Amino acid sequence: MENIIASAISQVGDGGQDYSPRRSPPGSFVIFGGGGDLTRRLLLPAIYNLACAGLLDDGFGIVAVDRAELSDEQLRQNVRAALEDFTARRRAEAVPLREDVWEWMQPRIRYVRGDFEEPQTYHDIAGMVGEQNCIFYLAVAARFFGPIVDRLGEAGLVREGRHTFRRVIVEKPFGSDLSSAIALNTRLLRTLDEQQIYRIDHYLGKETVQNIDHVQITAAETVGVEQRARFYESTGALRDMVPNHVMQLLAMTAMEAPISFEADAVRNEKTKVLDAIHPLAPSDVVRGQYAPGVVGGKEVPGYRQEPGVDPHSLTETYMAMKFRIDNWRWAGVPFYVRTGKRLAARKTEIAIHFKSAPYALFRDTPVDRLTPNIMVIHIQPTEGVTLQFSAKVPGPAVRLGGVRMKFDYAEWFSEGPSTGYETLIYDCMIGDATLFQRADNIEAGWRAVQPVLDWGQDARSLAFYAAGSEGPEAADALLARDHRHWLKIG
Ligand code: BG6
C-alpha cells in the first residue's frame, strides 16, 4: 500500500491496534479557487492519496470553481498534470500515477466557471450538487471568505438536510489581527453554525509534559519570500506563522489532557492554554529581516532586494518570542518560539528541555554537572522523536558524552508521500472537527500576538540576519538573558 494512512493502518506493529478508518460519506467537494496553486500542489494530491487508500465513496465528486475559461476536459488534463508532478516528486523515487485511481477520479471532476461574487455562479453550483452532502473549500484570497459565505447562504447552499451536511473549510489567513478575526467570525456565523465551519491550519495535519525547564518551538524555513511579495509585505512573519501554526504547536504541547477526544473537549483545553498566555512585553519579542547571504551554497538576495519588495521595507521575516503561560502547570516554564524564512535549515520541531538533576551525583569525579535531557519532537522535514541525554563513555575513566535515542516515522512505518491535508480533508468529510480551529481558538491566537501588532513596525526594532544563518543575534540574546541558548537549526 502506498498511502501514508493505509500504510500506517497496515503496520500497526507490536501492541498496536488496528482502527481501520471507514469510507467517507458520498458528496461533493467544491473548491473555490479550483485552478489555484494550493489546489494544484496540495488539495488534489491529498484527494488522490485518499482515493489510493480507498477512503473515498463512489458517490464522491470534485467541483472546481474558478474564473478562467476551462472545459471539464481541460480541467481534467490540468489535474492529471498536477498529480503527475506530485507523484514524480516522491521522496525516495518517482512513482507513476496509479492509472486505476485516475480512471476512478477523472469522471468525478467537474468545473464551474464563475465570479466568486456573482449569484449565477452559485446557481450553477447548486445545479451540480443537488441535495448531496457538500464541503465547500475556500482556497482563495482571504478577501473572498466573507463574500463567498454570504453568497452560499443567499443561494441556500449551506442549508443542511435531515441526513445531509453542508460544511465550509476556511483557509488562512483568518483575519489580520484580533478585531478583523472577530469580525470575520461574526460574519461567517451569520450564515453558518459553528459546527459547519472548519478553520484549517495545516500544521495540525502533520503526524506527529513536571520536570520541564523550558520549551523551544522552532519553525524554520530556507525559502525566502518566493513569488509572494505582495502578500508577504503586508503580512510578515508574525501574522503569517505565529497566531496560527506556532500557536497550534504551543497549545498542543501545553494543553491539559482533554476528558475525551471529542472535538470540543480538545478545543476547550487548547483555548484555555492560549487564554492563559501572559501579555507580551516588548522585551519578549525579536523581529528580524533577512539580509543577503548564502543558502545551500548559493548566494541569495536580502528581503529588501527581492522582486516586489519595498527597498526600505520594515516587514519582518523572522520572529522570536518568549511566552509565559499563567497557569499552575506552566508557571515559571517559558516557551520560546521562533520562526523565519531564509534560515540555516528547514526544520520544525518542539524541544522540551528538562531541568538538570538537582545535585551532583558523581561527587569527586570530573562529572559534577549533568547536561539537561532534551526531548525533541520533529515535525518536519523528518517526523519523529529524539531523546538527548548523557551516557558514560565506555572505559575506566568517568566521562560523559551526549547520546541520542531516535524514533523516526519513515524508518518504522514505510511511509508514503503525503501533503498533510489528507487527514484534515478526511476528518471534515466524516465530521470530526478536532483538528480544526473553533472561533475562540482563532481569536485567542490573535489576542496573544495583538500587543506586537499594536506596537507597529519600527526601524529600531528590526534586527537583520544573514540569509542562511541561525537568525538575528538579538534572538540569541533573548535566551542568553535567561542563561539559556537555542538548539542549532543548521
Ligand atoms: C504557510 C505560510 O501557511 O505555511 C508560508 O503562509 C509558509 O509562508 C508555510 O512557508 C509553511 O508550511 P510548511 O508546511 O512548509 O512548514
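This one's a predicted model, so the numbers in the text were calculated from it and none came from an experiment.

> Which parts of the structure should I look at to understand the overall build of the protein chain?
Along its length, the protein chain carries 14 helices and 17 strands. A compact globule built from 490 residues would reach a C-alpha radius of gyration of about 23 Å, and the protein chain, at 24 Å, matches this within 12%. The dimensions of the protein chain, computed from C-alpha atoms along their principal axes, are 80 × 55 × 50 Å. Just so you have it, the protein chain exposes about 22,900 Å², and 53% of that area is on carbon and sulfur atoms. Computing the positive centroid from 55 side-chain charges and the negative centroid from 64, the protein chain places the two 3 Å apart.

> I'm lost on the pattern of salt bridges in this one. Help?
Between side chains of opposite charge, a pair can form when the charged atoms approach closely. Applying the stated criterion across every chain, the model contains 26 salt bridges. When the shortest N-O distance is used, the salt bridge between Arg 324 and Asp 284 registers 2.8 Å. Residue Arg 324 is located in the loop between strand S11 (318-323) and strand S12 (335-340), and its partner Asp 284 is located in the loop between helix H10 (263-275) and strand S8 (285-291); the two are separated by 40 residues in the primary sequence. When its relative accessible area of 33% is taken as the criterion, Arg 324 is described as partly exposed.

> Please explain the nonpolar core as it appears in this structure.
Side chains of nonpolar character tend, in soluble globular proteins, to be buried together. With 93 residues, the main nonpolar core has Phe 32, Ile 125, Phe 136, Leu 250, Met 321 and Phe 323 as its most contacted residues. The leading source of residues in this core is helix H9 (residues 236-254), at ten residues. Listed in part, the 45 residues of the second largest apolar core include Ile 47, Leu 75, Ile 135 and Met 429.

> What is the right way to look at the site of the ligand in this model?
Surveying the vicinity of the ligand reveals the residues Lys 172, His 202, Tyr 203, Lys 206, Glu 221, Arg 228, Asp 240, His 245, Lys 341, Arg 346 and Gln 380. Here an oxygen atom of the ligand and a side-chain polar atom of Gln 380 are 2.4 Å apart. Expressed as a share of its isolated accessible area of 400 Å², the protein-covered part of the ligand is 82%. Of the residues assigned to the shell around the ligand, the class counts are one nonpolar, three polar and seven charged.

Parameters at a glance
Residues numbered from 1 in each chain as written. Predicted model: local features only at pLDDT ≥ 70, side-chain atom pairs only at ≥ 80, totals over all residues. Heavy atoms only, no water. Helix = DSSP H or I, 4+ residues; strand = E, 2+ residues; numbered from the N terminus. Rg over C-alpha atoms; globule rule 2.2 N^0.38 Å. Areas by Shrake-Rupley, 256 points an atom, 1.4 Å probe, with all protein chains shown as cover. Lys, Arg positive; Asp, Glu negative; His and termini not counted. Charge placed at Lys NZ, Arg CZ, Asp CG, Glu CD. Salt bridge = Lys/Arg side-chain N within 4 Å of Asp/Glu carboxyl O. Buried < 20%, exposed > 50% of the residue type's maximum accessible area, 1.4 Å probe, protein only. Core = buried A, V, L, I, M, F, W, Y, C linked by side-chain atoms within 4.5 Å. Near = heavy atom within 4 Å. Polar contact = N/O pair within 3.5 Å; in protein donor to acceptor, adjacent residues only side chain to side chain. Nonpolar A, V, L, I, M, F, W, Y, C, P; charged D, E, K, R; others polar.

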